[in-house]
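# An overview of the molecular structure
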Amino acid sequence: MEYKQWYMEYKIHKNRPGLLGDIASLLGMLEVNILTINGVEGKTRGMLLQTNDDEKIEMMGRMLRKVDNITVTALRQPKLVDILAVRHGRYIERDSDDRKTFRFTRDELGLLVDFLGEVFKREGHQVIGLRGMPRVGKTESIIAGSVCAMKRWTFVSSTLLRQTVRSQMSEEEMNVNNIFIIDGIVSTIRSNEKHETLLTEIMNMPSTKVIEHPDIFVQETGYDYDFFDYIIELRNTPDEEITYETFTINYNDL
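Nothing here was measured: the structure is a model prediction, and the numbers come from that model.

This part covers the pattern of salt bridges. Applying the stated rule across the entire model yields 17 salt bridges. The partner of arginine 131 in a salt bridge is glutamate 233, and the shortest N-O contact between them spans 2.7 Å. In this pair, arginine 131 is assigned in strand β7 (residues 126–131) and glutamate 233 in strand β13 (residues 230–235), connecting sequence segments 102 residues apart. Arginine 131 sits in the buried class, given a relative accessible area of 14%. Looking at glutamate 233, the relative accessible area reads 7%, which means it is buried. Across the salt bridge formed by arginine 152 and glutamate 172, the nearest N and O atoms sit 2.8 Å from each other. You can see arginine 152 sitting in the loop between α5 (138–148) and β8 (153–155) and its partner glutamate 172 sitting in the loop between β10 (164–165) and β11 (179–183), a full 20 residues away along the chain. Exposure remark for arginine 152: the relative accessible area of 38% places this residue in the partly exposed category. With relative accessibility at 55%, the residue glutamate 172 sits in the exposed group. Salt bridges sharing common partners tie together Glu93, Asp95, Arg103, Arg131, Asp215, Glu233 and Arg235.

Put into structure tokens, the structure is as follows:
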């Protein structure tokens, strides 16, 4: 049987001396490897485990449920949010109604870059929307995430390079392994027919596309929110409102 990774999370009711050692000893006797361990938000601890025997995980779960000092809250094959929680010691905030929407603030750029890097490593068609006010760090985070994933990035449209609107690309730039960066406002308000043709071709490619200002992109095109795999919101502060009225006017004036 092949080796698989598992995510185990448990809440500590009484952090007595030797508790972690006892759990580690149990895992050791079952020959379940601990890959990563970290505290996750207060009295919760998360572990990334590895074993080639699923029955050992089931057995371990049953045994740990009999331990009075802890409550096992998760025992599953790891999701992306689980891996990042163990790395950074906290869960990414998610929208309670739309579970594909993730929220970050500017002081969490390291966590956001790590999140994007893991998403960018995946092959094939995927679309990420990135909401945020000007100069909050959207484009910089995408580029840093591309570096983490060891992927090349290509600007299709952008304000970072003085209102870039591409109408054609080289064969190297059209590589499906590239990360395509699209400004949803520039591509709809400042576009031309050649750019729209190029954009349609890129959107149909089996590659990763990141669209800044996805709400304007949806509003001005035939795409809807179901087309997005993730929606990311980046704010300067947790209570900052993301609005488009002020800076869409500025785009029109350029």
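Quick look at the confidence of the model for the chain now. As a general rule, the predicted coordinates of low-pLDDT regions are not to be interpreted in detail. Averaged over every residue, the pLDDT of the chain is 91; residues scoring 70 or more account for 95%. Looking across the chain, the model is least confident in helix α9 (residues 245–253), with a mean pLDDT of 58, and most confident in β7, with 98.

With that settled, consider the sheet that holds strand β5 (residues 93–94). Spatially, seven strands are ordered β5-β6-β13-β7-β12-β11-β8 in an open sheet, and the strand pairing comes out mixed. The open sheet has two edge strands, β5 and β8, and neither has a second partner. Examined bridge by bridge, β5 and strand β6 (residues 101–105) share two bridges and lie antiparallel to one another. Following the sheet pairing, arginine 94 is matched in β6 by phenylalanine 102.

As a further point, take helix α1 (residues 19–29). Three or more residues of α1 are buried, namely Leu19, Ile23, Leu26 and Leu27. All buried residues of α1 project into a common sector of 100° when viewed along the axis, lining one side. Taken together, the buried residues of α1 touch β1 (4–12), β2 (33–39), β3 (44–51), α2 (54–64) and β4 (70–76). The first or second residue beyond α1 is glutamate 31, which carries a positive phi of 60°.

By the criterion of burial, helix α3 (residues 80–88) is predominantly enclosed, with seven of the nine residues buried. The set of residues buried in α3 consists of Leu80, Val81, Asp82, Ile83, Leu84, Ala85 and Val86. Note on α3: the residue one or two positions beyond its end, glycine 89, has a positive phi of about 80°.

Here the focus is the packing of α3 against helix α4 (residues 109–120). The N-to-C vectors of α3 and α4 enclose an angle of 140°; their axes lie 11 Å apart at closest approach. What the angle tells us is that α3 and α4 run oblique. The element α3 and its partner α4 pack so that their crossing is right-handed. Here α3 contributes Leu80, Leu84, Arg87 and His88 to the contact with α4, which in turn contributes Gly110, Leu111, Asp114, Phe115, Glu118 and Val119. Looking at the contact of α3 with α4 residue by residue, the class counts come to five nonpolar, two polar and three charged.

With that settled, consider unusual backbone geometry. Backbone geometry at methionine 150 places phi at a positive 55°, although glycine is not the residue there. Position of methionine 150 among the secondary structure elements: in the loop between α5 and β8. The exposed category is assigned to methionine 150, whose relative accessible area is 77%. With a phi close to 60°, histidine 213 is a non-glycine residue in the positive phi region. Relative to the elements of secondary structure, histidine 213 occurs in the loop between β12 (208–212) and α8 (214–220).

Definitions and limits used
Residues numbered from 1 in each chain as written. Predicted model: local features only at pLDDT ≥ 70, side-chain atom pairs only at ≥ 80, totals over all residues. Heavy atoms only, no water. Salt bridge = Lys/Arg side-chain N within 4 Å of Asp/Glu carboxyl O. Helix = DSSP H or I, 4+ residues; strand = E, 2+ residues; numbered from the N terminus. Buried < 20%, exposed > 50% of the residue type's maximum accessible area, 1.4 Å probe, protein only. pLDDT = per-residue confidence, 0-100. Pairing = 2+ DSSP bridges. Arc of directions from axis to C-beta. Contact = heavy atoms within 4.5 Å. Axes fitted to C-alpha atoms, helices over the stretch in contact; angles between N-to-C directions. Parallel < 35°, antiparallel > 145°, perpendicular 65-115°, else oblique. Left-handed = near helix turned anticlockwise from the far one by under 90°. Nonpolar A, V, L, I, M, F, W, Y, C, P; charged D, E, K, R; others polar.

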